[in-house]
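An overview of the molecular structure
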Amino acid sequence: MSHNNDPRNPGLELRTEMFGYRIENIIPLEQISGFLYKLIHSETGAHHLHISTPDQENTFGVTFKTVPQDSTGVAHILEHTVLCGSEKYPVRDPFFSMLKRSLSTFMNAFTASDWTMYPFSTQNAKDFYNLMDVYLDAAFFPNIDALSFKQEGHRLEFEAEDATAAKSQLVYKGVVYNEMKGAMSSPDQVMVRAILNALYPDTTYHNNSGGDPKDIPSLTHEQLKAFHQRHYHPSNAFFYTYGNLSLKKHLEFIKEKIMTRFAAIDPGTDVPMQPRWDTPRSVRYTYALSPDEDPARKNQVTLAWLMGDVCDTFDVLVLSVLEQILLGNAASPLRKALMDAGLGSALSDGTGFDADNRDTLFACGLKDTDEADADKIEEIVFDVLRRLVSEGIQREMVDAAIHQIEFHRREITNTPYPYGLKLLLTIIGNWLHGGFPEQVLQLDEDLAKLKENLDGRSFLEDYIQRRFIDNRHRIRLVLAPDQQKAQIEEERIKQELMARMATLSAAQKEQIDQDAAALKALQESDEDISCLPTLRLADIPPDVPSCSPSSISGDVPLWCYAQPTSGIFYFQIAASANLPRDLLSWVPFFCYTFTKIGTEKSSYTQMAQRIDAVTGGITLGAHARSPWGENQVCLPLISMKAKCLYRNTPATLDLVEELISSAIFTDQTRLKQLLGEYQAGLESMIVHNGHRLAISLSSRSFSPSSHLSEIWSGIHQVCTIREFNRQNDPKAMEALSEKLAAIGRSIFQPDNVLMAAVADSDHVAEASKRIAAGKTLSTFHRGHQRPELPELDLKIEKMVPHEGWTTSTAVAFVAKTLPTVSLRHPDAPALAVLGKILRSLYLHGEIREKGGAYGGFSVYNPESGLFSLASYRDPHITRTLRVFEGVVAFMQSGKFDKEDITEAVLQVCSEIDKPDPPGSAAQKAFSRLIIGLSDEERIKFKQKLLQVTPDSLMSVVDRYFKKPPEDTGVAVIAGADHLKKANSELSNRPLTLHTI
């Protein structure tokens, strides 16, 4: 096939050879105006995929098949360690240094069950090749020195039992060790890994690729280096590039940096298919639950089946459709039957179809259930499956499922990753195991085949019979709470360390001390990082990404944005939640229930089916905002968003109007079910987002918006729902129904609603007419040309928090917040720069490298004017609080210069300039319009960033960071024993303790 019509890579043709590569295939990707190039490196066998598109946000990734044979976390620790210095860049931490010297929109590394990936994205061509140079050198030529292994993986150190004792206690330390202690404190992580462990006993998936804390200390430095030598080789590498830069230049760069130094090997990393069983199995795993929590109904029960080959794209498509039919919405038969049984609060963790591994899997079950109900849950699942086989699946459900897949295939988003990286993550499983990734990106042929099979046959029913009912390779897994597990594990570690201590010779003890001293000296040393490439202030674009409305309706408060959205219509409603306090706490739950509860015309199941059939989703969210520059004023917003293919715009707007005009909350059985689901979702976020929740707790007394944000999305929301559900009071449920109805009546009123429509120019004009003519949307006030919504008069707590909150976790999340000023103040640019300097030059070294936490953060919020310091998956509490107290001393030490300020400015600007697809860009512009943030102010702020000096930084430190302790908020989320130990060390001002 000729490729002359790709304007970004003219002249390339099938079988063209260049820089040691041969083009194996060239495939048009019309949906994204792109082309896919599939190449092979002749000498080493390295694979390369390039997606040429007009997108200026270019993405690179190199992925290695990594197949650990144990649970020591070797692949995960290697991912961390290769980023600690390389042949060309022999600095301590080139990865984190490049975060400071780049305008990247994404930089990270991932370890999955059978691969490790190093991706980044950037809009700047110079930056792209700077980052590729560092990434390639790190991956292929890392130093992997012993001290980096000890820092990132695991090590032994002597530590004092308390602040007054000598250092006589042997302890384990290490970033990955503590990260995985935190990860394995989360029931959802335990469940997902338990499914893999049980379902794949004979392949690499049986192992914990992230590392089991009990196994991590057995990994040796030599084993780590051997794993790298085998796995991180071009013969085991899959290179990926995406965007508008030249493929030829990419290949030339990779050849020059990598390929000339390698010959082909057989890495032996092919993952075999899991041998199938003749008999289903039942397994039981446990997770740690705090002794303070009630273990009743804290089990999870799930059924999981081994499915098919990830390389069979048609099979993956059919199973994806079945997942949507069985579980996709509240009306889905399997989901509805499980939830209606009243045996659990929500679907079990890991539920759904998983196409990430060599053999795909399907799982479903319930959480917050009794272990004794496992038989009932299994019976429910198989009753539904058998009924669908015997009675057939409604064609409307099939069409809605296919519609969902087609919609999300068409939509271009950058959430949670840049679009180029999302495409890579979509194809990686198929590609690594020898499939055809182009078939994953081009579903048309498989969709046509599916639709042909659906005509006049029991195709999906036969699939259910064969893949579910007759499939003997399945497990019934119970995940049970164990209130002694954490204590037993701590005792096991204690005994293990005592045994190791007893066998240590004097020379070995001396070596441990020497290693600790050497690591500390390395972490505290000043190093010259000038060998790393960098951008300069001149590389920063002067403007900011912006999007202006193309028109404002004269009939309704509708702002129209003409954008090239690839045939998708986006509609947004913003309303003020200016409500009494007794209703205010329930706004987030109102948002959760609104599209799930039903209307006067449609039951909740009918509404769920209609939403899936014609939309890409209708969602509501609650956001506590401040009018820009007025951080002592609160603007409580409810945002309702709907999206659909152009052809479904009238039906989607009909659904929106029906929900607004006639949603009903009287079905108390359904409300109770939704409360259980909602609580389960809140509880699962505690360990995953502990640092953000701790920041929210420590911030809540400084402004009305931070106070409301904690009520709506923090630990206090968790407590509100938990306390209500404990009552189990029918009268309380009746009162809640009335409150939710009152919220709806109060919100959707004239003079309280603003709207936005986003589509191409012709369609947005048609949609505007339809909205103005609608029975409900047309009733919102007319002729409103200013985006104003009522503000909330909210009384806030006067006491600044200094507290600890207990939950089931083996690590801590520590936060400290102090009030500063918001974006319009002249100090705002210096505060934004200070946030980046503190994280990269101070907290990273003190909290992550020395302290062993997974991460340390400093965050300046220009809207609220609050400045927060935080740690994530932290083995320490008091030490981290002392680090926070050391901010002033660090800044006064002068350990930063103009180059550091330049790097911090680059980091701030990379966040400001992060691109959005057309639909998201317009919706964000609408949100800025509501809170009064103009593009002129954003540009002015960006320009002032370039004027930040060492003196202006020290000025804001003196002005805001020397406040007395009682004026700064402190919050810690940790286990009860961890908090009690911290309070014994904080005798002058202990934390006030609460239970989540």
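Look above for the structure.
The sections below set out a description of the structure shown in this document.

The rules behind these values
- Starting afresh in each chain, residues are numbered from 1 along the sequence in its written order.
- With the structure being a predicted model, the display of local features is reserved for residues of pLDDT at least 70 and the display and counting of side-chain atom pairs for 80 or more, all residues being used for whole-chain, interface and lining totals.
- With hydrogens and water stripped out, all remaining heavy atoms of the structure feed into the side-chain values.
- Any two cysteine sulfur atoms lying within 2.5 Å of each other are counted as a disulfide.
- Whether a residue is buried, partly exposed or exposed follows from its accessible area with a 1.4 Å probe, protein chains only, as a fraction of its type maximum: under 20%, in between, or over 50%, in that order.
- Counting from the N terminus, the helices are the DSSP runs of H or I reaching at least four residues and the strands are the DSSP runs of E reaching at least two.
- Think of the arc as the fan of directions from the helix axis to the C-beta atoms.
- Here, two residues are considered to be in contact whenever any of their heavy atoms come within 4.5 Å of each other.
- Put plainly, a pocket is an open set of points on a 1 Å grid over the protein atoms alone with protein on both sides within 12 Å along at least five of seven lines, a cavity is a set where a 1.4 Å probe fits but cannot get out, and a lining residue has an atom within 4 Å of a point.
- Grid points are joined across faces, edges and corners, and a volume is the space filled by probe spheres set on the points.
- In summary, the pairing rule links any two rings of Phe, Tyr or Trp, Trp by its six-membered ring, whose centres are within 6.5 Å, and it sorts them by plane angle into stacked for under 30 degrees, edge-to-face for over 60 and tilted for everything else.

1. As for the state of the cysteines
As enumerated under the stated definition, the model contains 0 disulfides in all. Not part of a disulfide, cysteine 531 finds its nearest cysteine sulfur in cysteine 84, a span of 14 Å. Classification of cysteine 531 by relative accessible area gives partly exposed; the value is 35%.

2. A word on helix α15 (residues 444–454)
Since there are 3.6 residues in each turn of an α-helix, residues three or four apart along the chain are aligned in direction. Among the residues of α15, those classed as buried are Asp446, Leu447, Leu450, Asn453 and Leu454. Around the axis of α15, the buried residues are gathered within 125° of arc, so they sit on the same side. Exposed positions of α15 whose direction lies more than 90 degrees from the buried face are Asp444, Glu445 and Glu452. Against the buried residues of α15 lie α9 (313–327), α12 (395–410), α14 (437–441) and α16 (459–469). Positive phi shows up at glycine 456, right after α15, with a value of about 70°.

3. Re empty space enclosed by the protein
Under the definition given, this model contains 4 cavities of 30 Å³ or more. There is about 350 Å³ of room inside the largest cavity. Lining the largest cavity we find 22 residues, and of these Pro187, Tyr287, Lys298, Glu683 and Ser684 sit closest to its centre. Listed by contribution, the elements that provide at least two residues to the lining of the largest cavity are α6 (187–199), β12 (281–288), β13 (299–309), β16 (359–369) and α23 (668–688). The leading source of residues in the lining of the largest cavity is α23, at 5 residues. What lines the second largest cavity is simply Ser290, Asp292, Glu293, Arg722, Thr806, Thr807, Thr995 and Ile996.

4. Observations concerning the packing of aromatic side chains
One pass over the full model with this rule turns up 42 aromatic pairs. An angle of 35° between the planes, with centres 5.4 Å apart, marks the rings of phenylalanine 60 and phenylalanine 120 as tilted. Taken together, the positions of phenylalanine 60 in strand β5 (residues 58–65) and phenylalanine 120 in strand β8 (residues 115–122) put the pair 60 residues apart, joining distant regions of the chain. For the pair phenylalanine 60 and phenylalanine 120, a shared accessibility class is recorded, and that class is buried. A centroid spacing of 5.9 Å and a plane angle of 65° characterise the contact between tyrosine 854 and tyrosine 872, whose relative ring orientation is edge-to-face. On the criterion of sequence distance, the pair formed by tyrosine 854 in the loop between α29 (828–850) and β26 (855–861) and tyrosine 872 in strand β27 (residues 866–872) is long-range, its members being 18 residues apart.

5. Comments concerning the environment of glutamate 79
The topology assignment puts glutamate 79 in helix α1 (residues 74–81). According to the relative accessible area criterion, glutamate 79 is buried, its value standing at 7%. Between the alpha carbons of glutamate 79 and methionine 117 there is a distance of 8.4 Å; along the sequence they are 38 residues apart. Among residues more than four places away in sequence, those in contact with glutamate 79 are Ala109, Phe110, Thr111, Thr116, Tyr118 and Tyr232.

Note that all results are geometric; they support no functional claim without further evidence.
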